[in-house]
Amino acid sequence: MQKTLQRGRLITLEGIEGAGKSTQVEHLAGLLRECGITLVTTREPGGSPIAERLRSLLLDPLNTGMSGIAELLLMFAARAEHLERTIRPALDAGHWVICDRFTDATYAYQGGGRGVDPERIAILEALVQGSLRPDLTFVFDLPPELGLARARHRAESADRFEQETIQFFASVRAVYLERAQACPSRYRVIDASASLADVAEQVCRLTRCFIDLTWNAHCDQTNRASSPCA
Ligand code: T5A
């Protein structure tokens, strides 16, 4: 049976390159669909026509020497488009949205990696998103050496970010973990160094708990019964 809440939920997947986020998006989508939840899968940077064009600019390895602030503004320009065209309409229609990276990536890469002051990021976050924040964020955590080895094994050539140093990705990882530790109600840290099956099992277990919590809260408000995954 199809289940619709008045407002959908935003689930984001985060982590360094090669952490396994894209691999788990389809798994997660399948799990939600089994529970009767209608959803949209998308990604950042990208997820709408103009945002995808900005993605090409951001990832192009030929664009060497882009300033940290220019990169930050392009990320939020893409996000503004993505929110307007894809994410907000879906949430307003009661669909859930699974997004491969979102604003945590900006804090981690532009903040941790490039050294942009997080207060500047927070100003743009408020401007572009208003009060919208993800309802659930998975952080796929693994050592940068392992993530980069996976990413390089899969891709023929490295994009602009994949050319960064291990130290860069160690800083990115540290920011993700700090953010997760600061707000455990929203974040779930996944051991992404485990096997594919094991990672999928972690995602499945934590998602089922989240669906139950969401559905119980909804039922308490509307006096209706039982989780869609019960
Ligand atoms: N960025 C993005 C910013 O700087 N700021 C921002 O605000 C935002 C939104 C996007 C880049 O933009 C930056 C961050 C990024 O550098 P992208 O191509 O979308 O670029 O980058 P990623 O999302 O990192 O894509 P990757 O494909 O590199 O990483 P994934 O999605 O985490 O990894 P995935 O699933 O593609 O897996 C990689 C390989 O590993 C294998 C897979 O089969 C695949 O071959 N794999 C596993 N192998 C063994 N065990 C497991 N558990 C495995 N899981 C996956």
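**Digging into the packing of aromatic side chains**
Inference 1: One pass over the structure, following the stated rule, counts six aromatic pairs.
Inference 2: Ring geometry for Tyr109 versus Phe161: centroids 5.9 Å apart, planes at 90°, classification edge-to-face. Linking Tyr109 in helix α4 (residues 103-113) with Phe161 in the loop between α6 (144-154) and α7 (166-182), this pair joins segments that are 52 residues apart in sequence. Across this residue pair, the class does not change: Tyr109 and Phe161 are buried.
Inference 3: Each ring, one from Tyr109 and one from Phe169, has its centre 6.4 Å from the other, and the planes form 80°; the classification is edge-to-face. Here the residue Tyr109 occupies a position in helix α4, and Phe169 occupies one in helix α7, the gap between them amounting to 60 residues.
Inference 4: Here Arg79 stacks its cationic end above the ring of Phe76, 4.8 Å away from the centre of that ring.

**Topic: the sheet that holds strand β1 (residues 10-15)**
Inference 1: Reading across the sheet, the five strands line up as β2-β3-β1-β4-β5 and stay open at both edges, with parallel pairing between neighbours. Edge positions in the open sheet fall to β2 (39-43) and β5 (187-191), since each of these has one partner strand only. Sheet twist, expressed as the average angle between the axes of neighbouring strands with direction ignored, equals 20°.
Inference 2: Judged from the five bridges that link them, β1 and strand β4 (residues 136-141) form a sheet pairing that is parallel.

**Examining the site of the ligand**
Inference 1: In the vicinity of the ligand there are 28 residues, among which Lys21, Ser22, Thr23, Thr106 and Arg154 approach most closely.
Inference 2: Interatomic distance of 3.0 Å between a backbone N/O atom of Gly18 and an oxygen atom of the ligand.
Inference 3: The separation between an oxygen atom of the ligand and a polar side-chain atom of Lys21 is 2.6 Å.
Inference 4: Here the ligand loses 85% of its free accessible area of 1000 Å² to cover by the protein chains.
Inference 5: Among the elements of the structure, α1 (21-34), α2 (49-59), α3 (68-92), α4, α6 and α8 (196-222) are those that each provide at least two residues to the shell around the ligand.

**Quick word on the packing of α3 against α4**
Inference 1: Two elements in contact, α3 and α4, have axes separated by 11 Å at closest approach and are oriented at 175°. When the axis of α3 is compared with that of α4, the two are roughly antiparallel. Residues Glu71, Leu72, Met75, Phe76 and Arg79 of α3 lie in contact with α4, whose contacting residues are Thr103, Thr106 and Gln110.
Inference 2: A per-class count over the contact of α3 with α4 returns three nonpolar, three polar and two charged.

**Quick word on the packing of α1 against α8**
Inference 1: Axis separation between α1 and α8 bottoms out at 10 Å; the angle between their running directions is 40°. In terms of orientation, α1 and α8 fall into the oblique class. As α1 runs across α8, the sense of the crossing is right-handed. For the pair α1 and α8, contact is made by Thr23, Gln24, His27, Leu28, Leu31, Leu32 and Glu34 and by Leu196, Val199, Ala200, Val203, Cys204, Thr207, Arg208 and Ile211, respectively.
Inference 2: Classifying every residue of the contact of α1 with α8 by side-chain character gives nine nonpolar, four polar and two charged.

Parameters at a glance
- Residues numbered from 1 in each chain as written.
- Predicted model: local features only at pLDDT ≥ 70, side-chain atom pairs only at ≥ 80, totals over all residues.
- Heavy atoms only, no water.
- Phe/Tyr/Trp six-rings, centres within 6.5 Å; stacked < 30°, edge-to-face > 60°.
- Helix = DSSP H or I, 4+ residues; strand = E, 2+ residues; numbered from the N terminus.
- Buried < 20%, exposed > 50% of the residue type's maximum accessible area, 1.4 Å probe, protein only.
- Lys NZ or Arg CZ within 6 Å of the ring centre and 35° of its normal.
- Pairing = 2+ DSSP bridges.
- Axes fitted to C-alpha atoms, helices over the stretch in contact; angles between N-to-C directions.
- Near = heavy atom within 4 Å.
- Polar contact = N/O pair within 3.5 Å; in protein donor to acceptor, adjacent residues only side chain to side chain.
- Areas by Shrake-Rupley, 256 points an atom, 1.4 Å probe, with all protein chains shown as cover.
- Parallel < 35°, antiparallel > 145°, perpendicular 65-115°, else oblique.
- Contact = heavy atoms within 4.5 Å.
- Nonpolar A, V, L, I, M, F, W, Y, C, P; charged D, E, K, R; others polar.
- Left-handed = near helix turned anticlockwise from the far one by under 90°.

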